[in-house]
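Chain by chain, the residues:
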Amino acid sequence: MELHYSGPRRPITDEVRKGVLEDFPEIGMIQDASLREKVVEAWSYALSCSDFTRITQIPPEGNPGAPVLKAGTQADHLRGVLRLALKIAEEFAASWPSVEIHRDVLLAAAACHDVGKPYEFDPTNRKRWAENPSYAGQPTFRHSVFGMHVCLVVGLPEEIAHVAVGHSFEGQYMGLSTECFIVRQADHSWWQLAATLGLVVEDSMKSMPTMIRVRRQP
Ligand SMILES: [Fe+2]
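Residues numbered from 1 in each chain as written. Predicted model: local features only at pLDDT ≥ 70, side-chain atom pairs only at ≥ 80, totals over all residues. Heavy atoms only, no water.

S.K.: I'd like a description of the coordination of the iron ion, backed by residues and values.
M.R.: Angles at a metal have ideal values that depend on geometry: 109.5 degrees with four tetrahedral donors, 90 or 180 degrees with six octahedral donors. At 2.2 to 2.3 Å from the iron ion lie its protein donor atoms, namely H77 (NE2), H113 (NE2), D114 (OD) and D187 (OD). Geometry at the iron ion is irregular, judged from its four donor atoms and the angles of 83 to 174 degrees they form at the metal. As a motif over one chain, the donors of the iron ion read H-x35-H-D-x72-D. Separated by 110 residues along the polypeptide, H77 in helix 3 (residues 74-95) and D187 in helix 10 (residues 178-196) bring together distant segments of the chain. A residue is classified by how much of its surface remains accessible, and H77, at 0% relative accessible area, is buried. (Donors = N, O, S within 2.8 Å, 3.2 Å for Na, K, Ca; no water. Tetrahedral: all angles 85-135°; square planar, octahedral: opposite > 155°, others 65-115°. Helix = DSSP H or I, 4+ residues; strand = E, 2+ residues; numbered from the N terminus. Buried < 20%, exposed > 50% of the residue type's maximum accessible area, 1.4 Å probe, protein only.)

S.K.: Could you give an account of helix 8 (residues 143-153), with specific residues and numbers?
M.R.: Residues separated by three or four positions in an α-helix point in the same direction, a consequence of the helix having 3.6 residues per turn. Every buried residue of helix 8 is accounted for by H143, S144, F146, G147, V150 and C151. The arc that holds the buried residues of helix 8, viewed along the axis, is 160 degrees, so those residues lie on one side. Tucked into the core, helix 8 has its buried residues touching helix 2 (33-48), strand 1 (61-63), helix 4 (103-112), helix 5 (117-121) and helix 9 (158-166). Trailing helix 8 by a residue or two, G155 shows a phi angle of about 90 degrees, which is positive. (Arc of directions from axis to C-beta. Contact = heavy atoms within 4.5 Å.)

S.K.: Any details on the packing of aromatic side chains? Residues and values, ideally.
M.R.: Under the defined criterion, the tally for this structure stands at five aromatic pairs. With a centroid separation of 6.0 Å and an interplanar angle of 35 degrees, the aromatic rings of Y119 and F141 are classed as tilted. Of the two residues, Y119 sits in helix 5 while F141 sits in the loop between helix 7 (133-136) and helix 8, which places them 22 residues apart along the sequence. Using a relative accessible area of 7% as the deciding quantity, one classes Y119 as buried. (Phe/Tyr/Trp six-rings, centres within 6.5 Å; stacked < 30°, edge-to-face > 60°.)

Okay, structure coming up:
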């Protein structure tokens with residue numbers, strides 16, 4: 001049995017870093033320069049661990065196969081979740097000035113919540129896992145868990161890695177930070193709202209709340 005080691009499949013280049021910022025310009029809203037650079041590095045590292053070279057090459061899916069957007073790319077989801085998380089934070093901060101929300105943590109966490117997706121969606125990994133799931137699992141790591149690994153490898157703080165692992169199913173078994181809870185709500189809301197607005201392939205909605213009814217084009 002062949003063993004596999006996670007890591008970049010090719011050098012992490014400035015071209016990849018430039019592509020990350022072009023595909024996900026909201027990363028530029030992070031004010032702390034060190035945090036901003038590490039977010040770019042996290043995505044660049046994650047892409048280099050896969051066959052993808054751009055975020056816009058990753059299919060627009062929540063988990064592989066479900067839910068699936070009818071159009072667009074993974075970048076549309078990431079950008080929407082970051083902006084929605086910020087709007088949630090701004091609404092509460094405006095109405096309740098006493099609340100404490102760490103804006104840069106929220107932005108960096110929203111930017112990195114799905115940073116494990118290049119690994120989980122990678123065609124080479126998926127083919128290998130499907131051929132013999134008993135060797136290394138299927139997937140070996142979900143995007144939330146691999147995303148936590150990526151965050152820690154590139155030197156992002158624990159507060160950001162926590163959101164990568166806590167935003168998805170794994171979060172049910174943890175206590176979540178405030179920023180993690182906001183990102184989690186923005187992420188799940190984004191998919192459910194996309195579904196009711198008719199933006200999601202209906203066959204891919206099995207994991208969504210059964211109360212959702214899809215607005216169809218007249
Ligand atoms: Fe997401």
